[in-house]
Amino acid sequence: MIDLVPPASSVATPIPFDPFTIDERSDAALDELPFGVICLDAEGTILRYNLAEARLARLDRNQVIGKNFFTRVAPCTAGPAFEGRFSELARSGDAQAVLRFDYLFDFKFGAQEVGIEIVRAPGVERFYLFVNRRKFFEARPNLPEGFAAPLQRELAPNEAIEGVRRDEIERRVLEVPWSFLSSLRATCDEVAPEGWPLFCLAWGTQWGRSVAVDLETEALEAFALSIREVPLRTAMEMLSRGMARQGWGALRIDFSYTAQSAFVAHLDRSAVAESAGRSKAMRCQLVAGMLGAVFTHLAARRIAVREIGCKARGDATCTFVVVPDSRRTALEHAIESGVSEVSSVVRSLKRDSLRG
Amino acid sequence: MVELRTAIVTGLIVGAGERSAGEFFAAFVEGSIDRDLGTLPTGEALDLLFDDDAQE
């Protein structure tokens, strides 16, 4: 007997979401979701695997796509309670069915209590698994050999000699000197000198969406909470420590101006600014875009971040003003008018809103 | 764990750091955090409104 239940308007996440439209979404869109998404064919071969699932399962999707989910990637699911239900759904041909059940995923680094929801993509033999993590536990002892999911290094044992580096949670990482950023900026100055701010703001926004997923997964693992449910101070410390760990600089957040619907972020020793050399213009649009995407995720509404002081320009630190998107235009006007001191920018925003 | 030398978060009113990030940002977007202009001392409120105009 399987739990075929009527279709839901959303999966069990805080994000309004129609599971039957998932197949229309790009891989990049799947990577913005803070819960696991796995696409299988009717035999269980993995066709798509999003960033949150890769992060929480500590597997590289390049190694799991094309492999059988039940036998190679998650052998703890190879039984009637999971694979059996999936196969029955696949055979049923019911286009509107939604299969929901709870399960315990066993990994060698720990166990995860999850809520599973499975739907069939309309008109095709593709099935989407939505995986909502609920609780994290130590690895269960005395499991049968081959029951827990393999580690990344077991799926791809020769990576060290293949020039692949991974961090402590098995994400592939690059370690490059700052000249990598210098050369990128110099290239942009050569081929599209006016394009740097726009390109970097958009690039930073894309990057920030994956940083938000990282924060979500970190909050889930550490507190079994969404990052939006974590105390503000803790969330900001997680963001700052993550940036420092990767070498971007030291991020400080100043909430002194929240009564004026603004707050300020400072990035000391910005890697982007220091790699840019001396410049007349501000250079940390990449960081502004990233912070904007992270704060937008936290607010669940659009937030704008703009740099008003930059070390590349000779300022002591890189300073960013954060405002609701409704005040973005006023912020940009203030910056264009040459105001660069934080309290002056914030004061001009306040006057603008009072007059508006 | 990366230890940073300076305070990461400053300027929060007492207890605000313990609010959830989601609650804080929702209030931030709505503009309902802390005080409004009417709660400021009159001089400070008027300065906030008119000080740049006075210099023009």
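Rules and cut-offs
Residues numbered from 1 in each chain as written. Chains lettered and ligands numbered in written order. Predicted model: local features only at pLDDT ≥ 70, side-chain atom pairs only at ≥ 80, totals over all residues. Heavy atoms only, no water. Phe/Tyr/Trp six-rings, centres within 6.5 Å; stacked < 30°, edge-to-face > 60°. Helix = DSSP H or I, 4+ residues; strand = E, 2+ residues; numbered from the N terminus. Buried < 20%, exposed > 50% of the residue type's maximum accessible area, 1.4 Å probe, protein only. Pairing = 2+ DSSP bridges. Contact = heavy atoms within 4.5 Å. Axes fitted to C-alpha atoms, helices over the stretch in contact; angles between N-to-C directions. Core = buried A, V, L, I, M, F, W, Y, C linked by side-chain atoms within 4.5 Å. Polar contact = N/O pair within 3.5 Å; in protein donor to acceptor, adjacent residues only side chain to side chain. 1 Å grid on protein atoms, 1.4 Å probe; cavity = no way out; pocket = protein on both sides within 12 Å on 5 of 7 lines; lining within 4 Å. Points joined across faces, edges and corners; volume = space filled by probe spheres on them. Nonpolar A, V, L, I, M, F, W, Y, C, P; charged D, E, K, R; others polar. Parallel < 35°, antiparallel > 145°, perpendicular 65-115°, else oblique. pLDDT = per-residue confidence, 0-100.

### A few points about the packing of aromatic side chains
Residue and element names in this part refer to chain A.
Right, on to step 1. Tallying each qualifying case throughout the model produces 25 aromatic pairs over all chains.
Right, on to step 2. Summarising the aromatic geometry, the rings of Phe35 and Phe130 are spaced 6.3 Å apart at their centres and angled 70° between planes, so their arrangement reads as edge-to-face. Here Phe130 lies in strand β6 (residues 126-137) and Phe35 lies in the loop between α1 (27-31) and β2 (36-41), a separation of 95 residues in the sequence.
Right, on to step 3. For Phe130, a relative accessible area of 0% translates into the label buried.
Right, on to step 4. Judged by centre distance (5.3 Å) and plane angle (80°), the ring pair of Phe69 and Phe70 falls under edge-to-face.

### Topic: the sheet that holds strand β10 (residues 318-324) of chain A
Strand pairing in a sheet takes place through backbone hydrogen bonds and is either antiparallel or parallel in direction.
Right, on to step 1. Sheet architecture is open: 5 strands sit in the order β9(A)-β10(A)-β8(A)-β7(A)-β1(B), paired in mixed fashion. The open sheet has two edge strands, β9 (303-309) of chain A together with β1 (9-10) of chain B, and neither has a second partner.
Right, on to step 2. Inspection of the sheet shows strand β8 (residues 263-268) of chain A paired to β10 of chain A by 5 bridges, in the antiparallel sense. Each residue of the ladder has a partner; that of Val264 of chain A, found in β10 of chain A, is Val321 of chain A.
Right, on to step 3. Sheet contacts for helix α9 (residues 232-246) of chain A: β7 (250-254) and β8 of chain A together with β1 of chain B; angle to β7 of chain A, the most-contacted strand, approximately 155°.
Right, on to step 4. Sitting on the sheet, helix α1 (residues 21-30) of chain B touches β8, β9 and β10 of chain A, and the angle it makes with β10 of chain A is about 75°.

### As for the nonpolar core
In a soluble, globular protein the nonpolar side chains are often hidden away together inside.
Right, on to step 1. With 55 residues, the main nonpolar core has Met236, Phe255, Phe263, Leu291, Phe295 and Phe320 of chain A together with Phe25 of chain B as its most contacted residues.
Right, on to step 2. With 9 residues, the single largest contributor to this core is helix α11 (residues 285-299) of chain A.
Right, on to step 3. Not counting residues up to four positions away in its chain, the partners in contact with Phe25 of chain B are Leu232, Met236, Phe263, Phe295, Leu298 and Ala299 of chain A.

### Let's talk about the side chain of Arg55 of chain A
All names here are of chain A.
Right, on to step 1. The topology assignment puts Arg55 in helix α2 (residues 51-57).
Right, on to step 2. Among the polar contacts made by the side chain of Arg55, one reaches the side chain of Glu221 at a distance of 3.2 Å.
Right, on to step 3. Residues in contact with Arg55, not counting those within four places in the same chain, are Ile169, Arg171, Asp214, Thr217, Glu218 and Glu221.

### Structural notes on empty space enclosed by the protein
Residues and elements named next belong to chain A.
Right, on to step 1. All told, the structure shown has 4 cavities of 30 Å³ or more when counted by the stated rule.
Right, on to step 2. Reported here for the largest cavity is a volume of approximately 60 Å³.
Right, on to step 3. What lines the largest cavity is simply Tyr49, Glu53, Ala57, Leu59, Phe69, Val73, Ala74, Cys76, Phe105, Asp106, Phe107 and Ala149.
Right, on to step 4. At the level of secondary structure, the elements contributing two or more residues to the lining of the largest cavity comprise α2, α4 (69-73) and β4 (98-107).
Right, on to step 5. Of all the elements, β4 adds the most residues to the lining of the largest cavity, at 3 residues.
Right, on to step 6. Residues belonging to the lining of the largest cavity are distributed by class as follows: 10 nonpolar, no polar and 2 charged.

### A short note on the environment of Leu104 of chain A
Right, on to step 1. Mapping Leu104 of chain A onto the fold places it in strand β4.
Right, on to step 2. Residues within four places of Leu104 of chain A in sequence aside, it is in contact with Cys76, Ala111, Gln112, Glu113, Phe137 and Arg140 of chain A.

### Re unusual backbone geometry
Residues and elements named next belong to chain A.
Right, on to step 1. In this structure, Glu170 takes a positive phi of about 70° despite not being glycine.
Right, on to step 2. Mapped onto the elements, Glu170 comes out in the loop between α6 (152-155) and α7 (179-191).
Right, on to step 3. Of note, Ala300 is a non-glycine position whose phi angle comes to about 60°, a positive value.
Right, on to step 4. Along the chain, Ala300 turns up in the loop between α11 and β9.
Right, on to step 5. For Ala300, a relative accessible area of 56% gives the class exposed.

### Here's the deal with the packing of α11 of chain A against α1 of chain B
Right, on to step 1. Direction vectors running N to C along α11 of chain A and α1 of chain B enclose 100°, while the axes themselves pass 7 Å from each other. Judged by the inter-axis angle, α11 of chain A sits roughly perpendicular to α1 of chain B. Here Phe295, Leu298 and Ala299 of chain A of α11 of chain A lie close against α1 of chain B, whose contacting residues are Ala21, Gly22, Phe25 and Val29 of chain B.
Right, on to step 2. The residue inventory of the contact of α11 of chain A with α1 of chain B, partitioned by class, reads 6 nonpolar, 1 polar and no charged.

### A word on the confidence of the model for chain B
Residue and element names in this part refer to chain B.
Right, on to step 1. In this model, chain B carries a mean pLDDT of 66, and residues with pLDDT of at least 70 account for 46%.
Right, on to step 2. For the stretch residues 35-39, pLDDT sits under 50, and the model shows 8 contacts to residues farther than four places along the chain or on other chains.
Right, on to step 3. Confidence drops under a pLDDT of 50 for residues 49-56, and excluding neighbours within four residues, the segment shows 10 contacts in the predicted structure.

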